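Geometric and topological summary
Chain by chain, the residues:
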Amino acid sequence: MTLMRRSLIAATGLAACGLATCALVLPQSALAQEALQVRHAWSRPAIAGHTGVVYLTITDHGAGDRLTGVNSAAAEKTELHETTNDHGVMKMRPVASLPIPANGTVVLKPGGYHIMLVRLKHALKPGDSVPVTLTFAKAGNRKAVAMVEGRGAAPAKPGSMGGMKMN
Ligand SMILES: [Cu+2]
């Protein structure tokens with residue numbers, strides 16, 4: 001009887017220990033996902049078949065990462081773009097990837113980097129939400145939902161998106 005109870009306690013102790021060990025072991029990818037945050041995704045009203053835009057803020061609390069791809073079901077094609085000032089003429093060009101520095105923040109904003117929604121499948125109206133998936137070299141795929149803000153919500157800087165021509 002005494003012997004049986006002892007072996008029961010021993011068995012219970014082992015099981016608890018096994019669980020604790022399990023909980024402490026996290027795969028490397030899970031740690032990378034924790035380190036990366038995508039916040040304040042927003043968009044602007046746009047007409048179906050035309051071009052839309054998504055801006056957002058990426059913060060890495062770890063060793064840094066790299067944004068390597070963007071995708072949205074709202075458009076036929078989704079591209080990562082950079083806006084440049086070419087002798088006073090605002091232009092934009094596709095960018096293959098965007099480095100996110102260690103313990104750093106990259107803000108995609110008017111006049112800078114942005115996600116271009118090429119040939120929108122439907123119109124974007126204030127209050128609509130636009131799903132986007134960002135692919136990072138370390139953190140993998142991260143989903144975000146951009147809220148379409150009204151024209152007056154965020155003041156547009158001169159030449160930010162309005163009359164810009166695609167290269
Ligand atoms: Cu663009």
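Above: the structure in question.
Let us look at the structure shown here. None of the values given here were measured: they were computed from a predicted structure.

Each helix and strand counted, the protein has 2 helices and 11 strands in total. Secondary structure elements of the protein occur, N-terminal to C-terminal, as α-α-β-β-β-β-β-β-β-β-β-β-β. For the protein, restricting intrachain contacts to residue pairs at least 6 apart in sequence, the fraction spanning at least 24 positions comes to 70%.

Counting residues in each nonpolar core, the largest one holds 25 residues, and the members touching the most others are Val54, Leu56, Ile115, Leu117, Val130 and Val132. Taken together, the elements giving at least two residues each to this core come down to strand 1 (36–43), strand 2 (52–60), strand 3 (65–71), strand 8 (113–120), strand 9 (129–136) and strand 10 (140–148). Beyond its immediate sequence surroundings of up to four residues, Val54 is in contact with Ala41, Ser43, His114, Ile115, Leu117, Val130, Val132 and Ala146.

When you line up the elements, Val106 lands in strand 7 (residues 104–107). Distance from Val106 to Val38, taken between C-alpha atoms, is 9.8 Å for residues 68 residues apart in sequence. Not counting residues up to four positions away in its chain, the partners in contact with Val106 are Ile58, Leu98 and Ile100.

This part covers the pairing of strand 3. Bridge count between strand 3 and strand 6 (residues 98–100): 3 bridges; the pairing is antiparallel. Bridge pairing links Asp65 to Ile100 in strand 6. Where strand 3 lies against strand 9, 4 bridges are found, and the strand directions are antiparallel. Note on strand 9: the bridge partner recorded for Leu67 is Phe136.

Mapped onto the elements of the fold, Arg44 is located in the loop between strand 1 and strand 2. Once the C-alpha coordinates of Arg44 and Lys125 are considered, the two residues, 81 residues apart in sequence, prove to be 7.6 Å apart. Look past the residues within four positions of Arg44 in its chain and what remains in contact with it is Gly52, Val53, Val148 and Glu149.

Tracing the chain through its elements places Ser72 in the loop between strand 3 and strand 4 (75–86). On the basis of neighbour count, Ser72 is assigned to the buried category, with 24 C-beta atoms found within 10 Å. Distance in space between the C-alpha atoms of Ser72 and Met116 is 9.6 Å, their sequence separation being 44 residues. If sequence neighbours within four positions are ignored, Ser72 has contacts with Thr78, Leu117, Val130, Pro131 and Val132.

Once that is clear, we can look at the pairing of strand 8. Bridge count between strand 2 and strand 8: 3 bridges; the pairing is antiparallel. Looking at strand 8, one finds that Val54 is bridged to Ile115. Sheet analysis places strand 4 next to strand 8, joined by 7 bridges and oriented antiparallel. Each residue of the ladder has a partner; that of Ala75, found in strand 8, is Leu120.

Phi at His40 is positive, roughly 40°, even though this residue is not glycine. By the secondary structure assignment, His40 is in strand 1. Assessed through the 13 C-beta atoms surrounding it within 10 Å, His40 is described here as partly exposed. Phi at Asn103 takes a positive value of approximately 50°, unusual for a residue other than glycine. Asn103 sits in the exposed class, given 12 other C-beta atoms within 10 Å.

What counts and what doesn't
Per chain, residues are indexed from 1 in the order of the written sequence. Local features in this predicted model are restricted to residues of pLDDT 70 or higher, and side-chain atom pairs are both shown and tallied only at a pLDDT of 80 or more, whereas totals for entire chains, interfaces and linings draw on every residue. Put simply, DSSP H or I for four residues or longer makes a helix, DSSP E for two residues or longer makes a strand, and each gets a number counted from the N terminus. We call two residues in contact if the C-beta atoms placed from their backbones are at most 7 Å apart. Structurally, a nonpolar core is described as a collection of buried Ala, Val, Leu, Ile, Met, Phe, Trp, Tyr and Cys residues joined by way of C-beta atoms within 7 Å. Partly exposed residues are those falling between the two cut-offs: more than 12 but fewer than 20 other C-beta atoms within 10 Å of their own, whereas 20 or more means buried and 12 or fewer means exposed, with C-beta atoms placed from the backbone. What makes two strands pair is DSSP finding at least two bridges between them.

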